[in-house]
Amino acid sequence: SSRWVGGSTSSPPTLPLLPVGAGAMAGLSGPKAHEVRSALGVDRDLSTQVVLTGTQAAEKPGKHWVDKPNAGYSGTPMWKLALERREQEDAAAPCVKIPEGFKPTQKGSEWYYSEKRQVFWRTTDGQMYVWDELAQKHAPLHEAVTFDVKPSVGGCFHDAAAQVRHVMVRDLQKAGTALRMPLEHLDRPCALYALYEGHRGNPGATGSGNVCAEFCVKNLHLKLLPKLAAFRGYWEDERLQGAMRDSFEELDAEFLERHASSGKSDGCSAAAALLIGDRVVVSSLGDIACLVCFKTGEASELVKAHAAKESDDEDSEDEEEGGASSSGANKEASTDGKPPIRWTRAFGDAEFKAADSSHRLLATPDVAVVHLQNKHQGVAFVCRALYNAIGRAVAVSTVFRRSAGRPRMAAGALVDAAVQWLGQVTDQLGLGSIVVQFEQRHEASSSSDAPPPQKRARKEEIPSQVRLRHILLKHRECKSTVDKVRNKQVKRSRTDAERLLRAVMEEVLSRGEIDKKVFTQRCKELSECQSSLKSGELVGDLGWVKPGKLGQNFDDTAFSLRVGQLSDLVDSDQGVHVIMRTA
């Protein structure tokens, strides 16, 4: 006897005979499947009635048949299974959102590019990149870091130094924005300082001091900024040095091209400092002294002078390859009767850069990179005549120590010392200096070799108002030249006003701290502000001062002072100030 799927052991039931012909069933060869199942007494859901094999019965009940939508029917198509598999893989993979505005560089590539932002995006790491033309590869886009370094800069130039020019760009990123050369990718602070000392010029005849120095003042940044803006990755030291060298050489080539037919044969030495974050890139061309000063009281020259040795030079200097020798530079004069050329590298001096010139000059600067640490106090650029007159590095370090935090006072003190030593100053004698001092707001470590912290932990709070005392001296460039205290017209120059106030500051700080009694006395004697008519400790008192009263320069200095601190020289429309914060 056999067992039927329906579970009965008796003979199979007799199937009903269905009429064939006209009607709903016409044309069909037999009964439908559901009619067969009904006749057999089997439920329509065969999935619960099918006899499992031995292997299937040993497994978990219902594994193959229960909860399957196609149970008892044909299998799922392969295309559908492959689609489901891909969907499952995509769901398991991490979701990477393509930034807005980016399009693939090519089909199936991991690189995307934004024409508007001019940057690449990579799918594998989700990072932004730029194209490095120098290395011919992608480089990570650099996000600017603000370092905890506060620079302050000051310069001083004698009135007779007609061939000396300078540039002090305190915010290079702001200047780049104005010139449509964005520099937001450079670390902060970002600044540019440069000193140019002209030679072989004729200020009396041309009325413009030195043509070459004037040209460099107006065009160096136009050579450098496009290079800094072109690459938005991280600027390694070598790349910065290369950019400075290329900028100097291109500047010299353009000057020679423009003035080749004009007969201008003057030239100039140059020293430039590019401050980016915690690095100072110093470029030297000619014989301007470039020094770095330390908190220990020491100072040292970063590069040697590109000039023949003079009789008052203490340090022996090697001859430059391709340049003039010491003896030849000092003894042989140029063909136009001007003073003999003694420089081995300089801007301009066209006749000494010709192929047939016996005194072949170069325009390639020496470039040094200083990584600022807590041991560094600042850098200084000093014209060579001034530098030799005051006693060289020892004198510079002494001035730095006595005027810490006051670069304008320091630069002026260097010039005052040279004038006192030399006596008479001519227009051929360069007397000028630029001093940059660095204040690191938070010491990272007690060790002098420890690097400064990179980011400021929090923004320093600026007071809404401060209590100030000051000494004011007017000059003939002021908005109002009337001394209302003494009711007379002021005729002094700005240089004289600064020199008088520097002497006051030296006296007030002579004991290493502020002498308030001396400050009060000198305020009564010299100040041309009516606040000097007050009595006692209120002599020179401005009361509580809020921003916007005396101009941006005044506010920047006054609101950065600590209580009891004496400022550097400060300019305003009213004149030159020395400020002391009292509360």
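Small disclaimer: the values here were computed from a predicted structure and weren't measured.

Let us look at the pairing of strand S10 (residues 279–285). Note on strand geometry: in a regular strand, side chains alternate between the two faces of the sheet. Across the 7 residues that make up S10, a large majority, 7, are buried. Taking every second residue as pointing to the same face, both faces of S10 are buried, with Arg279, Val281, Ser283 and Leu285 on one and Val280, Val282 and Ser284 on the other. In the sheet, strand S9 (residues 267–276) pairs with S10 via 7 bridges, with the strands oriented antiparallel. Each residue of the ladder has a partner; that of alanine 272, found in S10, is serine 283. Here S9 hands over to S10 after 2 residues, with glycine 277 in that stretch at a positive phi of 65 degrees. Bridge count between S10 and strand S14 (residues 366–371): 6 bridges; the pairing is antiparallel. Directly across from valine 282, in S14, lies its bridge partner alanine 368.

Right, let's get into the packing of helix H6 (residues 211–230) against helix H7 (residues 237–259). Packing of H6 against H7 leaves a shortest axis separation of 9 Å and a crossing angle of 135 degrees. With respect to their mutual orientation, H6 and H7 come out oblique. For H6 against H7, the interelement crossing comes out right-handed. Touching Val211, Cys212, Phe215, Cys216, Asn219, Leu220, Lys223, Leu224, Lys227 and Leu228 of H6 are Leu240, Ala243, Met244, Asp246, Ser247, Phe248, Glu250, Leu251, Glu254, Phe255, Arg258 and His259, all from H7. Of the residues contributing to the contact of H6 with H7, the split by class is 13 nonpolar, 3 polar and 6 charged.

Here we take up the pattern of salt bridges. Considering all chains together, one arrives at 30 salt bridges under this definition. Close ionic contact of aspartate 237 with arginine 279 constitutes a salt bridge, the shortest N to O distance being 2.8 Å. Note that aspartate 237 is positioned in helix H7 and arginine 279 in strand S10, a separation of 42 residues in sequence. Across the pair, arginine 279 and aspartate 237 agree in class, each one buried. The shortest N-O distance in the salt bridge between aspartate 366 and arginine 345 comes to 3.2 Å.

Time to look at the environment of glutamine 420. Tracing the backbone shows glutamine 420 in helix H11 (residues 407–422). Judged by its relative accessible area of 72%, glutamine 420 falls in the exposed class.

If you look at the biggest cluster of nonpolar residues, it comprises 43 residues, and the most contacted ones within it are Leu172, Tyr196, Leu228, Met244, Phe248, Leu274 and Phe347. If you list the elements that add at least two residues to this core, you get strand S3 (119–122), strand S4 (128–132), strand S7 (164–169), strand S8 (190–199), H6, H7, S9 and S10. If one sorts the elements of this core by residue count, H6 sits on top with 9 residues. Beyond its immediate stretch of four places on either side in the chain, leucine 228 contacts Leu172, Leu183, His185, Leu186, Trp235, Leu240 and Leu274. One finds Phe157, Ala191, Val292 and Val436 within the second-largest nonpolar core, a separate group that totals 27 residues.

As a further point, take the packing of aromatic side chains. Applying the stated rule across the entire model yields 7 aromatic pairs. With a centroid separation of 5.1 Å and 85 degrees between ring planes, the pair formed by tryptophan 111 and tyrosine 129 is classed as edge-to-face. Placement of tryptophan 111 in strand S2 (residues 111–114) and of tyrosine 129 in strand S4 is noted, with a sequence separation of 18 residues between them. No difference in accessibility class separates tryptophan 111 from tyrosine 129, as the two residues are buried. Through pairs of rings, three or more aromatic residues link up here, namely Trp111, Tyr113, Phe120 and Tyr129. Directly above the ring of phenylalanine 231 sits arginine 239, whose terminal nitrogen or CZ lies 3.9 Å from the centroid.

Here the focus is the sheet that holds strand S1 (residues 103–104). Read from one edge to the other, the open sheet built from 5 strands follows the order S1-S2-S3-S4-S5, with strand pairing classed as antiparallel. Of all the strands in the sheet, the pair left with one neighbour each is S1 and strand S5 (137–140). Sheet topology note: the S1/S2 ladder contains 2 bridges and is antiparallel. In the strand pairing of S2, lysine 103 is matched with tyrosine 113.

Cut-offs and rules
Residues numbered from 1 in each chain as written. Predicted model: local features only at pLDDT ≥ 70, side-chain atom pairs only at ≥ 80, totals over all residues. Heavy atoms only, no water. Buried < 20%, exposed > 50% of the residue type's maximum accessible area, 1.4 Å probe, protein only. Helix = DSSP H or I, 4+ residues; strand = E, 2+ residues; numbered from the N terminus. Pairing = 2+ DSSP bridges. Axes fitted to C-alpha atoms, helices over the stretch in contact; angles between N-to-C directions. Parallel < 35°, antiparallel > 145°, perpendicular 65-115°, else oblique. Left-handed = near helix turned anticlockwise from the far one by under 90°. Contact = heavy atoms within 4.5 Å. Nonpolar A, V, L, I, M, F, W, Y, C, P; charged D, E, K, R; others polar. Salt bridge = Lys/Arg side-chain N within 4 Å of Asp/Glu carboxyl O. Core = buried A, V, L, I, M, F, W, Y, C linked by side-chain atoms within 4.5 Å. Phe/Tyr/Trp six-rings, centres within 6.5 Å; stacked < 30°, edge-to-face > 60°. Lys NZ or Arg CZ within 6 Å of the ring centre and 35° of its normal.

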